Amino acid sequence: MKLIDLRSDTVTHPTPAMREAMAKAVVGDDVYDEDPTVNQLQEMAANLLGKEAGLFVPSGTMGNLASILAHCGRGDEVILGNKAHTVIYEAGGISALGGIHSRQLPNQKDGTISLEDLQAAIRPEDVHQPPTRLIGLENTHNRCGGVALSPEYGRAVRALADQHNLLLHLDGARIFNAAVAQGVSAKVLAEPFDSVTFCLSKGLCAPIGAVIVGNHAFINRAKRIRKQLGGGMRQVGIVAAAGIVALETMIDRLAEDHARAKQLAKELARIPGIVLDPGTPYTNMLFFNLSPDFPRPARWVIEKLKDKNVLVGDDGERRFRLVTHYWIEEGDIAEAVRIFKEIMAQ
Ligand SMILES: *Cc1c(COP(=O)(O)O)cnc(C)c1O
């Protein structure tokens, strides 16, 4: 019986085309800049996002860490949303390893930080205060339900950053979901930012890796930091080859994941005991709660689903997160809904 794994788009395995490209990849020593496959991936990524250069890194977490360390020195301050992945899920790396002070402002429901809050948080030149250096945003915003930030919002934050001589980093782990959902190019979304991290190993299905993009000077600094972090790899074109297939073939089809998430939402909403977040899903993520009258916790439902080969994520006592991806097919949605309905009626 097939496993229907809706926990995350990180569970995606490489496609057969990726495995073939990996087997055939031409490789070299990437620490010497001599891996042609890595170089090709980095160039493709830079072109796709409209930046001068790219750098392949083992994970999105290292991409954000190396980017923020490349922009900020010890004691500098980065402004982040309080629900940012970098704040919640990256093990405090920027402070533990970079001595960087984070200023956390409320993320609004739409994934943005209000311009008023940003403006008010930018510090004056004052010996008592850490210098504000960088603003970090996230698109799509994971903890805000996978909502996409608009190009207009990015440009408004850029204008504010320019007034105060600040740098802008985008955690664009799912920037291609944001682009496809809004019918704009990833380049347009990336344009206001000095640097962008995106993941190859989520909806794009590659097994490993992320790419950071920015100007040459930034990428050179980030490359040294990647080395310090132990992320300089050798014949890593084997892995980058899957990333090339991802960028060539897996971006436009993200629309299918978004459509399946919508279908899943529509059908789950009809099941008594399930209360969907208003507006969900924006992209490939679906968040919902158990209604107050449902007598059991989310954990109970999750265990029952697991017995039937359906895996879903929990997000607190009475809350779930489901994510659609390449390996969730049309029939899997109907099957998952059928099993959910059965369990909720028990
Ligand atoms: C997954 C994710 C990351 C980190 O990616 P890893 O490759 O898992 O380290 C960063 N930011 C966001 C928003 C993510 O969803």
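The rules behind the values
- Residues numbered from 1 in each chain as written.
- Predicted model: local features only at pLDDT ≥ 70, side-chain atom pairs only at ≥ 80, totals over all residues.
- Heavy atoms only, no water.
- Near = heavy atom within 4 Å.
- Polar contact = N/O pair within 3.5 Å; in protein donor to acceptor, adjacent residues only side chain to side chain.
- Areas by Shrake-Rupley, 256 points an atom, 1.4 Å probe, with all protein chains shown as cover.
- Domains from an automatic or database assignment.
- Contact = heavy atoms within 4.5 Å.
- Buried area = accessible area lost by both parts, 1.4 Å probe.
- Salt bridge = Lys/Arg side-chain N within 4 Å of Asp/Glu carboxyl O.
- Pairing = 2+ DSSP bridges.
- Helix = DSSP H or I, 4+ residues; strand = E, 2+ residues; numbered from the N terminus.
- Axes fitted to C-alpha atoms, helices over the stretch in contact; angles between N-to-C directions.
- Core = buried A, V, L, I, M, F, W, Y, C linked by side-chain atoms within 4.5 Å.
- Buried < 20%, exposed > 50% of the residue type's maximum accessible area, 1.4 Å probe, protein only.
- Phe/Tyr/Trp six-rings, centres within 6.5 Å; stacked < 30°, edge-to-face > 60°.
- Lys NZ or Arg CZ within 6 Å of the ring centre and 35° of its normal.

Neighbouring the ligand are 13 residues; Gly 60, Thr 61, Asp 171, Arg 174 and Lys 202 lie closest to it. A distance of 3.1 Å separates an oxygen atom of the ligand from a polar side-chain atom of Asn 142. Asp 171 is positioned with one of its side-chain polar atoms (N or O) 2.6 Å from a nitrogen atom of the ligand. Here the ligand, which alone exposes 380 Å², has 85% of that area covered by the protein.

Attention now goes to the domain arrangement of the protein chain. What the domain assignment reports for the protein chain is domain 1 (12-249) and domain 2 (253-344). Distance from the C-alpha centre of domain 1 to the C-alpha centre of domain 2: 29 Å. Counting from both sides, the interface comprises 21 residues of domain 1 and, opposite them, 14 residues of domain 2. Of the roughly 1,400 Å² buried between domain 1 and domain 2 on both sides combined, carbon and sulfur atoms contribute 62%. Between domain 1 and domain 2 we count one salt bridge in total. Between Asp 315 and Arg 143 there is a salt bridge, with the nearest N and O atoms lying 2.8 Å from each other.

As a further point, take the sheet that holds strand S12 (residues 313-314). Spatial ordering of the open sheet is given by S9-S10-S13-S12, a layout of four strands whose pairing is antiparallel. In this open sheet, the two strands that pair with only one neighbour each are strand S9 (274-276) and S12. Sheet analysis places strand S10 (residues 285-290) next to strand S13 (residues 319-323), joined by five bridges and oriented antiparallel. Across the sheet, Leu 286 pairs through a bridge with Leu 322, a residue of S13. Across the sheet, helix H13 (residues 298-307) touches S10, S12 and S13, and the angle it forms with S13 is around 40 degrees.

Okay, the side chain of Asn 107 next. Within the secondary structure, Asn 107 is located in the loop between strand S4 (101-105) and helix H6 (115-121). A distance of 2.9 Å separates the side chain of Asn 107 from the backbone nitrogen of Lys 83, its partner in a polar contact.

Now for the nonpolar core. One broad rule of soluble globular proteins: the nonpolar side chains tend to lie buried together. Core analysis: the largest hydrophobic core is formed by 53 residues, its most contacted members being Phe 176 and Leu 200. Among the elements that make up this core, the one with the highest residue count is helix H11 (residues 237-249) (eight residues). With residues up to four places along the chain from it excluded, the contact list for Phe 176 reads Leu 48, Leu 49, Ala 186, Phe 198, Leu 204, Leu 247, Ile 251 and Leu 254. Ranked by size, the runner-up nonpolar core spans 28 residues in total, among them Ile 4, Leu 6, Ile 302 and Val 337.

Counted according to the given criterion, the structure contains 26 salt bridges. The partner of Glu 329 in a salt bridge is Lys 2, and the shortest N-O contact between them spans 3.3 Å. Placement of Glu 329 in the loop between S13 and helix H14 (330-344) and of Lys 2 in the segment before strand S1 (4-5) is noted, with a sequence separation of 327 residues between them. Taking relative accessible area as the criterion, Lys 2 reaches 40% and is therefore assigned partly exposed. Arg 299 is paired through a salt bridge with Asp 314; the nearest N and O atoms lie 3.4 Å apart. One end of the pair, Arg 299, is in helix H13; the other, Asp 314, is in strand S12, with 15 residues separating them in the sequence. For Asp 314, a relative accessible area of 39% puts it in the partly exposed group. Three or more residues are tied together by salt bridges with common partners; here these are Arg 253, Glu 256, Asp 257, Arg 260 and Glu 330.

With that settled, consider the pairing of strand S2 (residues 53-57). Counting buried residues in S2 gives five out of five residues, a clear majority hidden from the surface. Side chains Ala 53, Leu 55 and Val 57 of S2 all project onto a buried face; the interleaved residues Gly 54 and Phe 56 project onto the opposite face, where all are buried too. Inspection of the sheet shows S2 paired to strand S8 (residues 210-214) by five bridges, in the antiparallel sense. The residue of S8 that forms the bridge with Ala 53 is Gly 214.

Leaving glycine out, the prevailing phi sign among residues is negative, and the prevailing peptide bond configuration is trans. Between Asn 139 and the following residue, Thr 140, the backbone shows a cis peptide bond with an omega angle of -5 degrees. Within the element layout of this structure, Thr 140 appears in the loop between strand S5 (132-138) and helix H7 (151-163). Cis geometry marks the peptide bond from Thr 280 to Pro 281; its omega dihedral reads 0 degrees. Position of Pro 281 relative to the elements: it lies in the loop between S9 and S10. One non-glycine residue, Asp 33, adopts positive backbone phi at about 65 degrees.

Counted under the stated rule, the structure contains five aromatic pairs. Here Phe 288 and Phe 320 contribute two aromatic rings whose centre-to-centre distance is 5.1 Å and whose plane-to-plane angle is 25 degrees, an arrangement assigned as stacked. Taken as a pair, Phe 288 in strand S10 and Phe 320 in strand S13 lie far apart in primary sequence, 32 residues in all. For the pair Phe 288 and Phe 320, a shared accessibility class is recorded, and that class is buried. Centroid distance Phe 320 to Phe 340: 5.9 Å. Interplanar angle 75 degrees. Geometry classified as edge-to-face. In this pair, Phe 320 is assigned in strand S13 and Phe 340 in helix H14, connecting sequence segments 20 residues apart. In this pair, the class of Phe 320 matches that of Phe 340, namely buried. Cluster of aromatic residues (ring-pair linked, three or more members): Phe 288, Phe 320 and Phe 340. The residue whose ring lies beneath Arg 296 is Trp 300, and the NZ or CZ to ring-centre distance is 4.1 Å.

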